[in-house]
Amino acid sequence: MTLDIRKVTAHIGAQVSGVDISEPLDGETVAALREALNVHKALVFDDVHLDDAGQQAFARHFGDLTTAHPTVPAVEGAANVLPVDSEQGSASHWHTDVTFVLNPPQASTLRSITLPPYGGETLITNSAAAYRSLPDPLRHLADTLWAEHTNDYDYAVPAEDIDEKKAAQRAQFTSIKYRTAHPVVRVHPLTGERGLFIGGFAQRIVGLSVTESRTLLDLLQSYVVKPEHILRHRWSPNQLVLFDNRITQHYAVDNYDRQARRLHRVTVAGDIPVGIEGKESYSVEGDASHYTSVAA
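If you're wondering where the values come from, they're calculated on a predicted model, not measured in any experiment.

A.B. asks: With reference to specific residues and values, describe helix α6 (residues 210–224).
C.D. replies: Between the first and last C-alpha of α6 there are 20 Å, a value that for 15 residues agrees with the 21 Å anticipated at 1.5 Å per step. Here α6 has its buried residues at Ser213, Leu216, Leu217, Leu220, Gln221, Tyr223 and Val224. For α6, the angular spread of the buried residues around the axis is 140°, confining them to a single face. For α6, the exposed residues set more than 90 degrees away from the buried face come down to Thr211 and Thr215. The secondary structure elements touched by the buried residues of α6 are β6 (122–126), α3 (127–132), α4 (136–143), β10 (194–196), β11 (202–205) and β14 (248–252).

A.B. asks: Explain the nonpolar core residue by residue, including any values.
C.D. replies: If you look at the biggest cluster of nonpolar residues, it comprises 25 residues, and the most contacted ones within it are Ile21, Leu43, Phe45, Phe58, Leu240 and Leu242. Counting residues per element, the ones that place at least two in this core are β2 (14–17), α1 (27–40), β3 (42–45), α2 (52–59), β13 (240–244) and β15 (262–268). Per-element tally for this core: the top contributor is α1, with 4 residues. Among residues more than four places away in sequence, those in contact with leucine 43 are Ala14, Val16, Leu33, Ala36, Leu37, Leu240, Val241 and Leu242. By size, the runner-up hydrophobic cluster in this structure holds 18 residues, among which are Ala142, Val185, Leu217 and Leu220.

A.B. asks: A description of the sheet that holds strand β16 (residues 282–285) should follow, citing residues and the corresponding values.
C.D. replies: With respect to topology, 4 strands assemble into an open sheet ordered β11-β7-β8-β16, the strand pairing being antiparallel. Edge positions in the sheet fall to β11 and β16, since each has one partner strand and no second. Shown here is a sheet whose adjacent strand axes are inclined to one another by a mean of 30°, direction ignored. Note that strand β8 (residues 179–183) and β16 share 3 bridges and pair antiparallel. In the strand pairing of β16, alanine 181 is matched with tyrosine 282.

A.B. asks: Tell me about the environment of asparagine 151, residues and numbers included.
C.D. replies: Here asparagine 151 lies in the loop between β7 (146–150) and α5 (164–173). As for asparagine 151 and glycine 286, which are separated by 135 residues in sequence, their C-alpha atoms are 10 Å apart. The contacts of asparagine 151, once residues within four sequence positions are left out, are Phe100, Phe173, Thr174, Ile176, Lys177 and Tyr178. Here the side chain of asparagine 151 touches isoleucine 176 through a polar contact of 2.9 Å, landing on its backbone oxygen. Within the structure, the side chain of asparagine 151 is placed 2.9 Å from the backbone nitrogen of tyrosine 178, a separation counted as a polar contact.

About the cut-offs
Residues numbered from 1 in each chain as written. Predicted model: local features only at pLDDT ≥ 70, side-chain atom pairs only at ≥ 80, totals over all residues. Heavy atoms only, no water. Helix = DSSP H or I, 4+ residues; strand = E, 2+ residues; numbered from the N terminus. Expected span 1.5 Å × (residues − 1). Buried < 20%, exposed > 50% of the residue type's maximum accessible area, 1.4 Å probe, protein only. Arc of directions from axis to C-beta. Contact = heavy atoms within 4.5 Å. Core = buried A, V, L, I, M, F, W, Y, C linked by side-chain atoms within 4.5 Å. Pairing = 2+ DSSP bridges. Axes fitted to C-alpha atoms, helices over the stretch in contact; angles between N-to-C directions. Polar contact = N/O pair within 3.5 Å; in protein donor to acceptor, adjacent residues only side chain to side chain.

Written as structure tokens, this is what we have:
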């Protein structure tokens, strides 16, 4: 097989063909895919024929798997697979997966299962491009900051919209409370790139009030979500998207009139983030050892 990698946008995304990811991959192919992921941040595979076991097998080429989620149940019979289902609501907020734990996943895979007839795109943005686009004074400030990430906040819906079902889902999501301090500027362990490591779970800048933190986080986030930095992925049947969770954020667009939409997610265990001065993230509250190992 000859791997064909075609760039999709200037800053993020590539279409990959010439490889059957339902089969075991040799070391050379895995290395080429890893390099493509380093460069393009998100890789799209069309016409894949995978079940849950096959998706897990593909993701394992890049490292040990996490379980589905620290607090949310997995697909029955597949402990490493998280159902991303419209029946459970839509993750319509910019975020990097599971940054409220000490070592969030290094990479995520999403596979299309059930798609609405229109809408339901996934937006993925390059946080390294966002960092590079910061004005010098703001970049120097960001280099010095740390942010506390947590799962214990109302990120999904306003309080007045929470019914009994949503209240139960929120209680499950926060059944173990996590708080972790991460550098606002994270150094990618493979490429050395600096990226803004914030997103929806980042709720407070260490040393600042909640109000001051929100103002500063919103300012930095405005560079992350510039349209030029974003891949807008329109799902098709039998697709898989692999993205680098260390240097991207993503957003599920809720524009499909509550019709059925289901993806399956499998994530690869990550390392502990490191800032530009070499200091590692640290846990404030919550043990995630049942969820993920720490990648070397």
